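Structure at a glance
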Amino acid sequence: MAPPLIKICGLSTPEAIDAAVAAGATHVGLVHFKPSPRHVSIGRAADLRERVPAHVKTVLLTVNMEPAQTSDIVQVVRPDVLQLHGQETPEWVQLMREHSDLEIWKAIGVKDQASLEQAQRYRPFAHRLLYDAPAGALPGGNGLALDWRLLAQFRHEAEWGLAGGLDAGNVAEAIRQTRAPLVDASSGVESARGVKDTDKIAAFCEAARAAMAALPG
Ligand SMILES: O=C(O)c1ccccc1NCC(=O)[C@H](O)[C@H](O)COP(=O)(O)O
């Protein structure tokens, strides 16, 4: 079975990066979106990225940013993965794909079966679909869960991951129901909005690993 993939998103301090790496996260997420309490400037994102060891992937998250501007930022931050978390169209994702060597993830707000089916339009262009709750006050990072039953019933033909309202207390059940190969948490590993909590990060990673290891076959 493939090793479990665990992403901790919305990291904005060196201490939070270190906590996620020490806890065994496979991916760390940097949010570049000014309205977010987790926003990091390009300079800060580049500094934080320097701190991430080679075995952990850095995910840079943007929202509805023009491809040309995104390319400029990518050159400075040098992430491993670009996570598009807005209303970027499949054509937009295709353009990014054609003009960069990066792994590209498209976040999808899942509200019903139809939205899940619509999301498959991104399959030829995105390396991974990241299923999240529908947008709330922010496009993501709202601590809201989607209906996991939708993913459990779906026949996945793309690489994918589960985000939205996950924490140490519910991630095992989320994995049991959906068999998600990648789980992603932000709000659920914070002590206050935008403030990451070392113990919660460690507990989340531990619970996710144990649940993935316990999956049958
Ligand atoms: O975290 C933010 O503030 C944010 C802002 C705008 C777009 C996406 C954002 N976050 C994405 C994530 O942190 C996760 O990929 C995902 O949405 C899970 O968040 P949460 O429900 O808080 O665990």
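Keep in mind the model is a prediction, meaning the values are calculated, not measured. (Residues numbered from 1 in each chain as written. Predicted model: local features only at pLDDT ≥ 70, side-chain atom pairs only at ≥ 80, totals over all residues.)

**Quick look at the pairing of strand E5 (residues 103-109)**
The following threshold applies: When DSSP finds at least two bridges between two strands, those strands are taken to pair. Going along the chain from the N terminus, every DSSP run of H or I of four or more residues is numbered as a helix, and every run of E of two or more is numbered as a strand. Here the term right-handed applies to a crossover when the path leading from its first strand over the helix to its second strand runs clockwise, the strands being oriented away from the viewer.
With 4 bridges joining them, strand E4 (residues 81-84) and E5 adopt parallel strand pairing. Considered in E5, the bridge of Leu82 is made with Ile104. Between the parallel elements E4 and E5, the chain passes through helix H4 (residues 90-98) in a crossover that is right-handed. In this sheet, strand E6 (residues 128-132) lies alongside E5 in parallel orientation, the contact comprising 5 bridges. Its bridge partner lying in E6, Ile108 is registered against Tyr131. Note on the crossover from E5 through helix H5 (residues 113-119) to E6: the handedness is right-handed.

**A look at the UniProt feature "domain: N-(5'phosphoribosyl) anthranilate isomerase (PRAI)" (unreviewed entry) in the protein**
What counts is decided by this rule: UniProt positions are given in the numbering used here, feature names are shortened, and annotations may be inferred rather than shown by experiment.
Mapped onto the present numbering, the UniProt feature "domain: N-(5'phosphoribosyl) anthranilate isomerase (PRAI)" (unreviewed entry) falls at residues 6-206. Along residues 6-206 the backbone is 35% helical and 21% strand, and the end-to-end C-alpha distance reaches 10 Å.

**Remarks on unusual backbone geometry**
The cut-off we apply is this: In this scheme every C-beta is placed from the backbone, and a residue whose C-beta has 20 or more other C-beta atoms within 10 Å is buried, one with 12 or fewer is exposed, and one in between is partly exposed.
Phi is positive for Asn64, which is not a glycine, with a value near 50°. Tracing the backbone shows Asn64 in the loop between strand E3 (57-62) and helix H3 (67-77). Notably, Arg78 is not glycine yet its phi reads approximately 55°, a positive angle. Structurally, the position occupied by Arg78 is in the loop between H3 and E4. Looking at Arg78, the number of C-beta atoms within 10 Å reads 13, which means it is partly exposed.

**Considerations on helix H1 (residues 14-23)**
What counts is decided by this rule: The arc in question is traced by the directions running from the helix axis to the C-beta atoms. We call two residues in contact whenever the C-beta atoms placed from their backbones are within 7 Å.
When H1 is considered as a whole, its buried residues turn out to be Ala16, Ile17, Ala19, Ala20 and Ala23. Seen along its axis, H1 keeps its buried residues to an arc of 160°; they face one direction. More than 90 degrees from the buried face of H1, the exposed residues found are Pro14, Glu15 and Ala22. Buried residues belonging to H1 abut strand E1 (5-8), strand E2 (27-31), helix H2 (42-51), strand E10 (195-196) and helix H8 (198-213). Just past H1, the residue Gly24 takes up positive phi, approximately 95°.

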